[in-house]
Each structure stands twice: as C-alpha cells, then as structure tokens.
Amino acid sequence: MNKSIYMDHAATTYTKKEVMEEMLPYFTTYFGNPSSIYTLARETKKAIDIGRDKVAKAINADSNEIFFTGGGSEADNWAIKGIASAYKKKGNHIITTVIEHHAVLHTCEYLAKNGFDITYLPVDEYGFISIKDLENAITDKTILVSVMFANNEIGTIEPIKEIGALCRSKKILFHTDAVQAVGHIPVDVKEMNIDLLSLAGHKFYGPKGIGALYVKKGIKIDNLIHGGGQERNRRAGTENVAGIVGIGKAIELATQNMEASNKKLVYLRDKLMNGLLKVPNTRLNGPIGEKRLPGNSNICFRFIEGESILLMLDAKGIAASSGSACTSGSLDPSHVLLAIGLPHEIAHGSLRLTLGDATTEEEVDYVLDTVPKVIQRLRDMSPLWDDYIKKGEK
Amino acid sequence: MIYSEKVMDHFTNPRNVGEIPNADGIGEVGNAKCGDIMKVYLKVEDNIVVDAKFKTFGCGSAIASSSMATELIKGKSVDDAWTLTNKAVAEALDGLPAIKMHCSVLAEEAIHIAINDYRSKAGLEVWDYKEHDDIHGEVHEE
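Basis of the calculations
Residues numbered from 1 in each chain as written. Chains lettered and ligands numbered in written order. Predicted model: local features only at pLDDT ≥ 70, side-chain atom pairs only at ≥ 80, totals over all residues. Helix = DSSP H or I, 4+ residues; strand = E, 2+ residues; numbered from the N terminus. Expected span 1.5 Å × (residues − 1). Buried ≥ 20, exposed ≤ 12 C-beta atoms within 10 Å, placed from the backbone. Pairing = 2+ DSSP bridges. Axes fitted to C-alpha atoms, helices over the stretch in contact; angles between N-to-C directions. Contact = placed C-beta atoms within 7 Å. Nonpolar A, V, L, I, M, F, W, Y, C, P; charged D, E, K, R; others polar.

Peer 1: Sorry, what's going on with helix α2 (residues 60-73) of chain B here?
Peer 2: Residue pairs spaced three or four apart in an α-helix point in one direction, given the helix's 3.6 residues per turn. Residues and elements named next belong to chain B. In this model α2 runs 20 Å from its N-terminal to its C-terminal C-alpha over 14 residues, within 8% of the 20 Å that 1.5 Å per residue would give. Considered for burial, the residues of α2 that qualify are Gly-60, Ser-61, Ala-62, Ile-63, Ala-64, Ser-65, Ser-66, Ser-67, Met-68, Ala-69, Thr-70 and Ile-73. Downstream of α2 by one or two residues, Gly-75 has phi in the positive range, about 85°.

Below is the structure:
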C-alpha cells in the first residue's frame, strides 16, 4: 500500500517548504552565536529580533513579552513553576482543569508534592469548564489559573476571554496552554486578558524544538533554565536561531492563511465527522460548530479497541491517533475522554483524525470509505459485538 | 512501540476467528473496562482439540495472541493444550513488547478456562490452575 494520508496534525505538522527555506541559511551561512560581537553574530541577532516580532504580532503582544523556549512543554513548565516560585509568599493555590495536556498536569502534580494545593476544575460532556466553578474555586491563596486554550484531543475551545476577565477582576494571574490554538484560531492576549501563554512551532507548520512563552510586561517569574544571559536573562542557552526564524515565518503564514484555511478545514472536518457518525453505535467527542478546533474530529466506535483501529488504518495508509489505553502505554484510556464522562469501555474505542493544510477532499473520501470497513472487520472479531447483536435479536 | 512481523501478520490475517456452534468448551477472560476480552471456543474429540476459534475485543497484540494461541493448540491433546504457557505464545510471535505481555497471559487463561469448561461438561474433574500475578489481575480485582 503506497497511499499515505496524514490525519494526525494535532500531534505534529510537517514543516512548510517556505519555512524551511528561510531557516536553511541559519545553519550554514549565518551560524554565528548571537551573543558574540562580530558581524556574523549581528546577522543572527537581527534574525532573532525579527522572529520575535512576528510571534508577538500574531498574538497581539509586544516583542519584549515573547521568550523563546525549547517547545510547548518547556513553556508550560516554566509558566507554572516560575509563577509558583515567584509568588509562593502570596499563596500556594493553583487552579487548572482535568483535561490539560500532561505538560501542565504533571507539572501541577510535581508542585503538589512540594507544598502547593491544586484544584482541578471538571468539564461538562463537551469538555467546557464552567466560569462559575472557576469563580467558586478561587481563594485568597490562589496565585495562578491555568486553563488550556483548546483541547488537543477533542478540540474544545475554552471560554478564554471570560476566564481572562474573571482572573483580571480577581487580580489572579492567568496562564493558557495555547499550543493547539495559536496559528489556528484568533488569539489576542490583550483582548483576552492573558498574562502567560505557551505556544509551539511544530503545531502550525514550523519546526519542532522551538516554542515560546508570552509573559505580560511587569509580571515577575522565576527562571526555569539558569545559565547565560540569553532572552534578557530569562531563559539561558544559546538561541535556536534557525528554529526562531522558522517559528516566525510559520506563525506569519498561519496568521495570513487562517481565514481561508479554516473555511476549508471546517468543511472537510464536518464532512468527515458526519460521514463517520453514520456508522452505527458511534458517538462524537467534543462540541460541534465554532467552539471546536477547525481540524479536529474525535469519534468513539463501540465494541472495538482503538489501537486495533490505528494498526488497520496504518495498513491502509492512514495515520491517525486514539485515546485508548493501549496507545497511551497505561491501563487507562485518555484522561480527557474519561473527564467528559465516557465509560472506560467506550473511551477505548476512540479515533482522532486531525486535518491540516495539505488535507484534500479526496483524502477525506478515502478515509470515509476505509474506516467503516475497518470498524466492521474488528467488530466481526469482537465478542462484545456478538453480545450486542444477540441482544438485539432477542 | 514496534510489533514484530509475526504479530502484524497474525493481527492483519488472524487465524481461527469465529465461534464454534455447540462448542465443547468455552473460556472468556478480561473485561471491557480494561480494553480487552478474549473468548475461546474448543471442539474436542477423543481428548484431542480438533478445532479452536476465538473472538477478541482488544489491541493488536491481543488479537495476534488469540490467533497464535488457537493455532498452537489445534490438533493437540487436551493435556498438551493445558501446558501452553503465555511465554510460548509470545515466543511464537517473535516476542511482544513488555507492556503487552498481559495479552499473552489472557490467551493462556482463556484456554485454561475453556479446557476446564470442557472437562466439567464432560463429567471430568477440573484441573487446578494458578492465575498469573499479572497487572491485569490487579485491575480485574478492583
């Protein structure tokens, strides 16, 4: 099977050719260490400034509020540990949600072992937090609220502006893990009252290994990576110059193309979801309409297990992902699917297909033709399907 | 995580999928909550396993283990089939990733239960069987 259909854009994207081409000279011609004094170094310093300006512009921040990191996980770690450490005299309470990425969840678990109290807000059946729950969770010890902009598994876009407004009125810092949102949906740190924001280049056709943390001017934050004076003494380590050039170009392209790209993605996504939901005994995970990420679809197929679906799809040339336990390497299925109230046995049968700029309607049609056959083949092997059919016959 | 070619072969083209009407012994293990259920059907004639089939809900290695385990006991005497270990199933598949070893345990257990089901239906004494001290065992006990 030579077919190759990539439907896992939420995991990572390819680097766009235009992005890579801008990066290339910074590996060979302009390789100088930006901290040095000679001409060669000045070129790289200039490139970093331009990259920073582009990232800042895309989220309506000022350039001196952008700090480059080694990726989204580092940005999340830094935001949460850095604020916890800088504000620990003020309080030891942090509020987050049950559906965060592990970069946030495991950081909070680490802090909980070191004397912090963490509140995990629940979500409704579509993955939304409630503003009322958030308001009720705030105490005079609360120093930080961290709520993801959009969920990586089920595509739920959280009410970020309302959360920002509430945190601002309560004078509590607000961090959002916007790794799935930046470059895909409008993000405006000023309008949305965001104090800290994490983003990662490889989710919007930039390179891997480069991300950024936005820190609003005037907020004190302790360092995570100690060492040299890079990033205005906030994040040590020789800059990933090519990566910074790449993330800048990628975010610029993503912002320019956003409207047209989303129009196409929403059309293809809805065609895909509606087609797959015609398979009996399936359910959609996450919301429908504008509060769902344009490229995300996530569906559970009852009576079968996700890893089997992925292996069979892979054999047909389709790359996808699942929230089943077997794909996570643990005994439990995805914490996000459990958080929206799915029983284990249904969560095991989830299939996430995430579309991107290169996705074509022909690919969607092929997937719509292939998936139901794979589902039926696995159901024909499943004793649960037998039980279900026999019950129906009685 | 990478599966061996054997595992992929038995997953993609599983042998012995199905049910045996009026099976002489049936063994079912696992539960839906854990994400795998294995059901093994045996046809026994003159103490020989003349046919074995399975239905499995589970991951790639669960389906491959079911396929391989049923292959390994077909044509064997019931006594020989009883001695099939999960290690033998995993080895016949050219190995399973460590976190997937429990799939081979399920296959061994399903066969033991099916054999004892046959023995009990045939009026024979059921054999003693010590369950594996496996991660799955712990989960199932909750």
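Resuming the write-up.
Peer 1: Please clarify how the environment of A:Glu135 should be interpreted in this entry.
Peer 2: All names here are of chain A. Among the secondary structure elements, Glu-135 is positioned in helix α5 (residues 131-137). With 11 C-beta atoms packed within 10 Å, Glu-135 lands in the exposed category. C-alpha separation for the pair Glu-135 and Leu-166, spaced 31 residues apart in sequence, amounts to 7.5 Å.

Peer 1: Mind showing me how you'd approach the sheet that holds strand β12 (residues 350-354) of chain A here?
Peer 2: Residues and elements named next belong to chain A. Pairing is antiparallel in the open sheet, where three strands are placed in the order β9-β10-β12. A single partner strand is all that each edge strand has here, and the edge strands are β9 (282-284) and β12. Each strand of the sheet is rotated relative to its neighbour by a mean of 25°, with strand direction disregarded. Where strand β10 (residues 296-301) and β12 come together, five bridges link them in antiparallel fashion.

Peer 1: What is the right way to look at the interface of chain A and chain B in this model?
Peer 2: Often the size quoted for an interface is simply the accessible area lost on bringing the parts together. Contact with chain A, which involves 21 residues of that partner, is made by 22 residues of chain B. Contributions of two or more residues to the side of chain A that touches chain B are made by α9 (306-315), α10 (325-328), α12 (344-347) and α14 (383-393) of chain A. If you tally residues by element for the side of chain A that touches chain B, the top one is α9(A), at four residues. A breakdown of the residues in the side of chain A that touches chain B according to their chemical character gives 11 nonpolar, six polar and four charged.

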